[in-house]
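What follows is the residue order along each chain.
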Amino acid sequence: MRRAYIIRTERTHPWQDMKRSSDGQYYPASSAKSFSVRNPYTNNIVGYAASATSQDCTNALTSAGRAFPSWEATPHSQRRDIFLKAADLVSTTRYKEKITKAMREETAATDSMVFMNIRRVGEQLKDAAGLVSGLKGETFASALPEGYVVVQRRAMGVIFAISPWNVPVILTIRAVAVPIICGNTVVLKCSEKSPRSQSIVAELLKEAGLPPGVLNFVSMDRQDAPELTAEIIAHPLVRKINFTGSDGVGKIIAAEAAKYLKPCVFELGGKAPVVVLDDADMEKAARAIASSTVLHSGQLCMSTERVIIQRQISTILIPALIKLLSSVKAGDPLTDREAKLSALFTEDSARNVISMIEEANAAGATVLLGDVKRDGAVVQPHILNGVKPGMRLWDKECFGPVIVIAVADTLDEIVDLANASSYSLMAGLWTRDVNVALGVAARIRAGCTNINGPTVHVEPQRGYAGLGGASGYGHFDVDNFTDARMVVVHPSEERAYPVVG
């Protein structure tokens, strides 16, 4: 077995298959324990990662706490330049090859997903660099005569970040970039499914000049994660938590954070509805819906999962969707030129997707496309009609290449169906009438509603966020990763005080 490492981020150590990093150094787990990482399609072992212990996590937190005072005092221009250099580095062939190899091996990513991670991450780093312009406060006259008030944007301290496997580079950058550019230090827990892909972010920022201890990367075995995560949240150095993942795990993390009244930013699940009205451009709508359904095999929080169609257009849109998705095959894109989709991230995930389809079918839904089978972790695209609220396939995030269709007559019925969900992250709406579009979009409860476009879409200046519930809450922005601290300068003239005069 090749040697495994955790990461803590002072000296450089050659990257082996996995490390933990803090204080600028790479360390094996203090227990020498590691865990294997498998390719979702082949189930072959593609690497090993160090499995952090409680002491390793404490060391990472201590490293972050020690680095915080000097990093908070670092000039904004210096922080900006580090991120701009990282953006230049990630565009090099060396980093493109690292990302491609790691994502293909660990997540069975298709070329489109690899390209998305490589292209977007450079933009993300530049966007983060630009946030320094928002690190400013305000001043105004005090309620006291001749007094004044200064409000400062100050870093919070140590941020605990947890980032998932499904878009490993982009979401890892998001988890750490905004907190760090704001002057915080970070302890990052990666997914046990993609430690090498996510560790590239730590390597990149270190090479760009990020000082020791500002970013500390920790990998841990799945069975150890609940206890260690709770310990990290409880640590007094941790000021805030950000987590991207399932709403089930989000509830657990929220409960742990609530014990210490620590704030969180959660980007959790999605069950994006797309509303298609009778006057929509059917051909464009069909392609956008199909793309956002099966991109990355539906394993995105923005994936289209529910399509609510006005009755007249349903007779032509449904056949169009069936035709489009009938031509999309799941398999191994590296060996099969016809395969456009890869495997789901585990066989358990594939098993759950098929179970949800079977339950809906047994409850009266009709399978319009798909074999209701899995081949290991591979699931082919499926379309179901007649799925209703109350069925698990309607109520819960599927995270597979599956869309459910509902047909309705009136706008009120359509909006009610779109909002019949505990998820509130993303939505779509297709119509040629801009006035109707704005009116209906205002009634759909979603953090972002895309008019005449795909649900898999991000606006860099705003990002996306849920409105509570199963999609979480909070934005990855300056306001969420700084404190607004008020300083009141009192007038120097003599005055009387209560009680003592």
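These numbers come from a predicted model, not from an experiment.

**Student:** Before we go on, may I ask you to explain the environment of G364 in this structure?
**Tutor:** Note on placement: G364 falls in the loop between helix 11 (347-362) and strand 17 (366-369). For G364, a relative accessible area of 52% corresponds to the exposed category. Taking the C-alpha atoms as reference points, G364 and K193, separated by 171 residues in sequence, lie 36 Å from one another.

**Student:** Just to check I follow, could you spell out the packing of helix 2 (residues 76-90) against helix 4 (residues 111-130) for this structure?
**Tutor:** Helices that pack against each other are described as a pair by the angle of their axes relative to one another and the distance between those axes. Interaxial distance between helix 2 and helix 4 falls to 8 Å at its minimum, and their mutual angle equals 170 degrees. By the criterion of interaxial angle, the relationship of helix 2 to helix 4 is roughly antiparallel. Judged by residue contacts, R80, F83, L84, A86, A87 and V90 of helix 2 engage V121, G122, L125, K126, A128 and A129 from helix 4. A breakdown of the residues in the contact of helix 2 with helix 4 according to their chemical character gives nine nonpolar, one polar and two charged.

**Student:** Any chance you could explain the UniProt feature "domain: Aldehyde dehydrogenase" (unreviewed entry) in the protein here in plain terms?
**Tutor:** Under the UniProt annotation, "domain: Aldehyde dehydrogenase" (unreviewed entry) lies at residues 29-481. Within the segment residues 29-481, helix and strand shares are 41% and 20% respectively, and the terminal C-alpha atoms sit 30 Å apart.

**Student:** Would you mind showing me how to read the packing of helix 1 (residues 54-72) against helix 7 (residues 225-234) here?
**Tutor:** Where helix 1 contacts helix 7, the axes come no closer than 10 Å and their chain directions differ by 30 degrees. Between helix 1 and helix 7, the interaxial angle falls into the category roughly parallel. In terms of crossing hand, the pair formed by helix 1 and helix 7 is right-handed. Here helix 1 contributes S54, C57 and L61 to the contact with helix 7, which in turn contributes L228, E231 and I232.

**Student:** Please explain the nonpolar core as it appears in this structure.
**Tutor:** Soluble globular proteins tend to pack their nonpolar side chains together in the buried interior. Counting 63 residues, the largest nonpolar core has F83, L125, V176, I180, L205 and L215 as the members making the most contacts within it. Broken down by element, this core gets its largest block of residues, 10 residues, from helix 5 (residues 168-181). Those residues in contact with F83 that lie beyond four places of it in its chain are L125, A128, A129, A177, I180, I181 and L205. By size, the runner-up hydrophobic cluster in this structure holds 33 residues, among which are M356, V379, A427 and A441.

**Student:** Please clarify how helix 10 (residues 311-326) should be interpreted in this entry.
**Tutor:** Each full turn of the α-helix corresponds to 3.6 residues, which orients residues three or four apart in the same direction. Helix length check: helix 10 (16 residues) gives 23 Å between terminal C-alpha atoms against 22 Å at 1.5 Å per residue, within 8%. At L317, helix 10 shows its maximal bend, which comes to roughly 30 degrees, and the proline P319 appears one to four places after that position. Considered for burial, the residues of helix 10 that qualify are I313, S314, L317, I318, A320, L321 and L325. Buried residues along helix 10 sit in contact with strand 13 (272-276), helix 9 (282-294), strand 14 (304-310), strand 17, strand 18 (382-385) and strand 19 (402-408).

**Student:** Even after reading the chapter, I still don't get the packing of aromatic side chains, so can you show me in this structure?
**Tutor:** The tally for this structure, following the rule as stated, stands at five aromatic pairs. Ring geometry for W165 and F399: centres 6.2 Å apart, planes at 90 degrees, overall edge-to-face. Note that W165 is positioned in the loop between strand 8 (158-162) and helix 5 and F399 in the loop between helix 12 (392-395) and strand 19, a separation of 234 residues in sequence. Across this residue pair, the class does not change: W165 and F399 are buried. When the centroid spacing of 5.4 Å and the interplanar angle of 80 degrees are considered together, the rings of F266 and Y473 count as edge-to-face.

**Student:** What's the story with the sheet that holds strand 14 in this structure? I'm lost.
**Tutor:** Within a sheet, each strand pairs with its neighbour through backbone hydrogen bonds, oriented either parallel or antiparallel. The strand order across the open sheet formed by seven strands is 17-18-19-14-13-20-21, and the pairing between neighbours is mixed. Whereas interior strands pair on both sides, the edge strands pair on one side only; in this sheet they are strand 17 and strand 21 (448-451). The sheet shows a mean angle of 25 degrees between the axes of neighbouring strands, taken without regard to direction. Contacts from helix 10 reach strand 13, strand 14, strand 17, strand 18 and strand 19, with the element oriented near 145 degrees to strand 14. Running over the sheet, helix 14 (residues 434-443) touches strand 20 (426-430) and strand 21 and is turned about 160 degrees from strand 21.

**Student:** Please explain the UniProt feature "active site" (unreviewed entry) in the protein as it appears in this structure.
**Tutor:** When the UniProt feature table is mapped to this numbering, "active site" (unreviewed entry) covers E267. Mapped onto the elements of the fold, E267 is located in strand 12 (residues 264-267). A relative accessible area of 2% means that E267 is categorised as buried. When residues no more than four places from it in sequence are discounted, the contact partners of E267 are R174, F243, T244, G245, C301, L425, Y464, S471 and F476.

Each value, and the rule that gives it
- Residues numbered from 1 in each chain as written.
- Predicted model: local features only at pLDDT ≥ 70, side-chain atom pairs only at ≥ 80, totals over all residues.
- Heavy atoms only, no water.
- Helix = DSSP H or I, 4+ residues; strand = E, 2+ residues; numbered from the N terminus.
- Buried < 20%, exposed > 50% of the residue type's maximum accessible area, 1.4 Å probe, protein only.
- Axes fitted to C-alpha atoms, helices over the stretch in contact; angles between N-to-C directions.
- Parallel < 35°, antiparallel > 145°, perpendicular 65-115°, else oblique.
- Contact = heavy atoms within 4.5 Å.
- Nonpolar A, V, L, I, M, F, W, Y, C, P; charged D, E, K, R; others polar.
- UniProt positions renumbered as here; feature names shortened; annotations may be inferred.
- Left-handed = near helix turned anticlockwise from the far one by under 90°.
- Core = buried A, V, L, I, M, F, W, Y, C linked by side-chain atoms within 4.5 Å.
- Expected span 1.5 Å × (residues − 1).
- Bend = angle between axes of the 7 residues up to and from the residue.
- Phe/Tyr/Trp six-rings, centres within 6.5 Å; stacked < 30°, edge-to-face > 60°.
- Pairing = 2+ DSSP bridges.

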